[in-house]
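Each chain is listed here by its residues.
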Amino acid sequence: MADSNGSVSVDLGTIYLGGKEHRVKTACGVVSVIVYGDREKPALITYPDLALNHMSCFQGLFFCPEAASLLLHNFCIYHISPPGHELGAAPIFPTDSVPSADDLADQILEVLNFFGLGAVMCMGVTAGAYILTLFAMKHRERVLGLILISPLCKAPSWSEWFYNRVVSNLLYFYGMCGVVKEFLLQRYFSKEVRGNIEIPESDIAQACRRLLDERKSVNVMRFLDAIDRRPDISSGLKKLKCRTLIFIGDQSPFYSEAVHMAANLDRGYCALVEVQACGSMVTEEQPHAMLVPMEYFLMGYGLYRPSYFSESPRSPLSPCCISPELLSPESMGLKLKPIKTRVSTC
């Protein structure tokens, strides 16, 4: 609900229940899009990582009151699921052609055209970040900015290729079995969240494990195959002129990839935020660490958080924890600087 000043009252119980699902027909099949908020506002497109959807990849961020307020106050949210990853998805027919990463990027254009959207803000995690970056490179006029969490930009290394082959074979023969879930949890989370013999598995990891049970193995295999065949897009990153904010957990298996990507983007348009004691999925593991960098990033577009959330005593992220460079107007405004910011978790 909005008051006379245009502020948004965030009801955490309805953030996800109140969205409407749209089934968009594309050249590569039907894609599910969950829409939340006022469609008169600018659009924020999200795209999750492998085997995830908006519930398992962005719930932590949108259940963080301050972040939800910032994003819902300024945007209408369009959660795009990879084919067959939406809630309640049926297995995709084996006879259907397997889309490439290019095909998935082109699907986003078809989604934007379906809703009559122009230029949009994009937020993606790992594989989803790659798809959105590829989309931005192919259709620069349709992207205002990129918020990327543990992004990919290079072709798979030999170790990643081998890992993906093992996961794909396990999915084919055994489905979403316990071993596959362990592989995926290692991809998403830090050691602290996954737990060990002495430390129990966290609620976040347990919830993710339950949500993975809902995924159909054939659907996950198709998305994995597309990502496993992705081309290296590093050489084209310098030509990408939209502002880009990158988050990376220091325990992410894709840490070096994110640093490589930041180094290859135009320094005038990119900022890198490193989050300590965190895995790849910062949106779930440490969503509060994203708040202040996103605020300053969005200020460059004239977008602000409602005043009633001026400071949060709950957030572990305070100005004294952040590099002064990140808090300068130009760092997240018209001129972005390449910054590696270590965020304290204490």
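Treat the numbers as computed from the prediction; the structure is a model and nothing was measured.

Criteria and cut-off values
Residues numbered from 1 in each chain as written. Predicted model: local features only at pLDDT ≥ 70, side-chain atom pairs only at ≥ 80, totals over all residues. Heavy atoms only, no water. Helix = DSSP H or I, 4+ residues; strand = E, 2+ residues; numbered from the N terminus. Buried < 20%, exposed > 50% of the residue type's maximum accessible area, 1.4 Å probe, protein only. Contact = heavy atoms within 4.5 Å. Pairing = 2+ DSSP bridges. Phe/Tyr/Trp six-rings, centres within 6.5 Å; stacked < 30°, edge-to-face > 60°. Lys NZ or Arg CZ within 6 Å of the ring centre and 35° of its normal.

Visitor: Can you help me understand the environment of L146 in this one?
Guide: Residue placement: L146 occurs in strand 6 (residues 143-149). When its relative accessible area of 0% is taken as the criterion, L146 is described as buried. Taking the C-alpha atoms as reference points, L146 and I246, 100 residues apart in sequence, are found 8.1 Å from one another. Among residues more than four places away in sequence, those in contact with L146 are M121, C122, L132, T133, A136, L240, C242, R243, T244, L245 and F297.

Visitor: How should the pairing of strand 3 (residues 43-47) be read in this particular structure?
Guide: Each regular strand displays side chains that alternate between the two surfaces of the sheet. In terms of residue burial, strand 3 counts as a mostly covered element, since 5 of its 5 residues are buried. Burial along strand 3 is two-sided: A43, I45 and Y47 facing one way and L44 and T46 facing the other are all buried. Where strand 3 meets strand 4 (residues 76-80), 4 bridges bridge the pair, whose relative direction is parallel. When the sheet's bridge partners are listed, I45 is paired in strand 4 with Y78.

Visitor: I tried to follow the packing of aromatic side chains on my own but got confused; where do I start?
Guide: Two aromatic rings are characterised by how far apart their centres lie and by the angle between their planes. If you walk through the whole model with that rule in mind, you get 8 aromatic pairs. Plain terms: the ring middles of Y78 and F115 are 5.1 Å apart, the flat faces sit at 65° to each other, and that makes the pair edge-to-face. Separated by 37 residues along the polypeptide, Y78 in strand 4 and F115 in helix 4 (residues 101-115) bring together distant segments of the chain. Given the relative accessible area of 0%, Y78 is considered buried. The exposure class assigned to F115 is buried, which follows from its relative accessible area of 9%. On the basis of an interplanar angle of 80° and a centroid distance of 6.0 Å, the ring pair of Y188 and F189 is categorised as edge-to-face. One exposure class covers both Y188 and F189, and it is buried. When the ring centre of Y130 is taken as origin, the NZ or CZ atom of R230, which lies over that ring, is 6.0 Å away.

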